[in-house]
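# Structural characterization, general
Here's the letter readout for the chains.
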Amino acid sequence: VGAVWQWTVPPLVVAAGGVALKAVQGAPGAPVRLVLPAGGGTQSWSVTSSASWLSLDRTSGSTPDTLWLSFDTRALSPGSYADTLRFTSGSYSFAVPVELEQIQMVLSQMVTDHERPYIYALHPGSGSFDDAFLLFIHTASEQIEKVLSIGKNPTDLAVHAGEGRLYVSNWGQPVTRVVDLESQSELAPLALGPDVYRINAGRPGRIYSEGEDQWIA
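Residues numbered from 1 in each chain as written. Predicted model: local features only at pLDDT ≥ 70, side-chain atom pairs only at ≥ 80, totals over all residues. Heavy atoms only, no water.

### Thoughts on the environment of Arg198
We count it as follows: A helix here means a DSSP run of H or I that spans at least four residues, while a strand means a run of E at least two residues long, and both kinds are numbered starting from the N terminus. A simple rule labels every residue: compare its accessible area, found with a 1.4 Å probe on the protein chains alone, to the largest value its type can have, and call it buried under 20%, exposed over 50%, or partly exposed in between. Contacts between residues were defined by any pair of non-hydrogen atoms, one from each residue, lying within 4.5 Å. Within 3.5 Å is the distance limit for a polar contact, defined as a pair of N or O atoms, with the added protein rule that one can donate a hydrogen and the other accept it, and that residues adjacent in sequence qualify only through two side-chain atoms.
Its place among the elements puts Arg198 in strand β17 (residues 198-201). For Arg198, a relative accessible area of 29% gives the class partly exposed. Sequence separation between Arg198 and Gly61 is 137 residues; the distance between their C-alpha atoms is 50 Å. Among all residues touching Arg198, those that are not within four sequence positions of it are Gln109, Thr155, Asp156, Tyr208, Ser209 and Glu210. Only 2.7 Å separates the side chain of Arg198 from the backbone oxygen of Thr155, close enough to count as a polar contact.

### Thoughts on the sheet that holds strand β16 (residues 185-190)
What counts here: Pairs of strands are assigned from DSSP output, requiring at least two bridges between the strands. All axes here are fitted lines through C-alpha atoms, helices being fitted over the stretch that makes contact, and every angle between N-to-C directions spans 0 to 180 degrees.
One open sheet holds the four strands; their spatial order is β13-β14-β15-β16, and the pairing between them is antiparallel. Edge positions in the open sheet fall to β13 (154-160) and β16, since each of these has one partner strand only. Strand-to-strand twist in this sheet, taken as the mean axis angle between neighbours without regard to direction, amounts to 25°. Bridging between β13 and strand β14 (residues 165-170) involves five bridges; their strand directions are antiparallel. Within β14, the position partnered with Ala158 by the bridge is Tyr167.

Below you can see the structure in the form of structure tokens.
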């Protein structure tokens, strides 16, 4: 008779091995959704966290379930922060690490929306990887209400009033980013090529771009 191997199957699984978030100083962090699938059957669970900048929409439930994480990073200085979500299900427990990188805000460009009470601003990031953000600043409260990840090396942005969209160049990348201004969500990008350095709105269905060497297309 050969060796007999035994192991314990956890009753609860979280569909994420960890949470990593980048946030711009002074702006709210985007919420994160954790899925707790049913797996082998319904399981009761509970969770705790300790960081003041991390909030959970609930601390217990039964699978299948969803847990939303909210981040209040407005009072944090630039730097790296960490917390741990500690889940318990029956006699079983495990940890899910949460890592937050708070980035110093640097605004390279701003544009006004004359149809909506917002100013849109670009945080250009390092230009080396996808760490650029689009900020939605409410003109009445003067607060940053929303932040969208907007790719790598954005050099310009333009409000297209006729389409209700915002176009953001990502110079050196093959696509130009497109944002629906009513829903404040990103749409499918446009494959305009890597040399879109400046961008302007035309009539509906048309935009104009300039390369770094100032050729207009």
